[in-house]
Amino acid sequence: MIRIFVPLVTVCLFASMSFAQYSVPDSISDRIKSNAPQTEKISQLRDYADELLYSSTKKARFFIDSAFRMASRHNEKKLFHELYNNKGNYYFFSRKFDSALTAYKKYLEYAVENDLPKTEQKAYSNIALIYYKKGISDSAIYYGLKSLELAKNFGDSATLAKTYSDLGAAYLEKNNYVKALENLSKSEKYEDPGNHFEMT
């Protein structure tokens, strides 16, 4: 009984001390302290960090790092690697594009090794976005085409619209107006994607 109680107290104490520096919604705090499976706790931290990217990147980074530590400590390999996408998003919003590129490429590597085509498509799309932001149109187009190749297999009109729109923006950056118009027209066929190159 004592052997079980001590680790439980340690986990609860760690959670309380770690998150004390930031205000956390009660639902998340309660989940972290609960007996819920580790995957749920880590996923909730990851999702909360993504919400914070639009308002507080510093706070988002704290929760991404906390999720990484939990995933590593509990040997949650799948979630650990998926968190690279979140880390890439953090770096993107912080305008640290080289670091974002490194994180997204680790996310891509994981997707390829584990034959996860939707994750792979998402990684290609985010890598294309970074190259676009860095003004490297050829690489943005290369990764955008890789993303499109996979997106065509899913039949998801929103993903296709976004991918065609992103390619159109990259071709426009290269002054290839014919290809830009061709891709932007195809994006409209699926739906109005809004802004070019939004985060996936």
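Residues numbered from 1 in each chain as written. Predicted model: local features only at pLDDT ≥ 70, side-chain atom pairs only at ≥ 80, totals over all residues. Heavy atoms only, no water.

Enquirer: An account of helix 9 (residues 157-173) is needed here, citing residue identities and associated values.
Expert: Between its first and last C-alpha, helix 9 extends 24 Å over 17 residues, near the 24 Å set by a 1.5 Å rise per residue. When you tally the buried positions in helix 9, you get 13 out of 17 residues, the bulk of the element. Put simply, Asp 156 is the residue that caps the front of helix 9, since its side-chain oxygen is 3.2 Å from the backbone nitrogen of Ala 158. Of the residues one or two after helix 9, Asn 175 is the one with positive phi, at around 65°. (Helix = DSSP H or I, 4+ residues; strand = E, 2+ residues; numbered from the N terminus. Expected span 1.5 Å × (residues − 1). Buried < 20%, exposed > 50% of the residue type's maximum accessible area, 1.4 Å probe, protein only. Polar contact = N/O pair within 3.5 Å; in protein donor to acceptor, adjacent residues only side chain to side chain.)

Enquirer: Got a sec to walk through the packing of helix 8 (residues 137-151) against helix 9? Specific residues and values, please.
Expert: Two elements in contact, helix 8 and helix 9, have axes separated by 9 Å at closest approach and are oriented at 160°. On the basis of the axis angle, helix 8 is roughly antiparallel to helix 9. Every pair of crossing elements has a handedness; the one defined by helix 8 and helix 9 is left-handed. Two secondary-structure elements touch here, helix 8 through Ser 137, Ala 140, Ile 141, Gly 144, Leu 145, Ser 147, Leu 148 and Ala 151 and helix 9 through Thr 159, Leu 160, Thr 163, Tyr 164, Leu 167, Ala 170, Tyr 171 and Glu 173. Looking at the contact of helix 8 with helix 9 residue by residue, the classes come out as 10 nonpolar, 5 polar and 1 charged. (Axes fitted to C-alpha atoms, helices over the stretch in contact; angles between N-to-C directions. Parallel < 35°, antiparallel > 145°, perpendicular 65-115°, else oblique. Left-handed = near helix turned anticlockwise from the far one by under 90°. Contact = heavy atoms within 4.5 Å. Nonpolar A, V, L, I, M, F, W, Y, C, P; charged D, E, K, R; others polar.)

Enquirer: Just give me the short version of unusual backbone geometry, but keep the residues and values in it.
Expert: Across the chain, the bulk of peptide bonds are trans and the bulk of non-glycine residues have phi less than zero. A positive phi is found at Asn 75, a non-glycine position, where the angle reads about 55°. Within the element layout of this structure, Asn 75 appears in the loop between helix 4 (57-73) and helix 5 (77-93). Under the relative-accessibility criterion, Asn 75 is labelled exposed at 54%. Although it is not a glycine, Asn 175 sits at a positive phi angle of roughly 65°. Along the chain, the position of Asn 175 falls in the loop between helix 9 and helix 10 (177-190).

The quantities given are spatial measurements derived from coordinates; they are silent on function.
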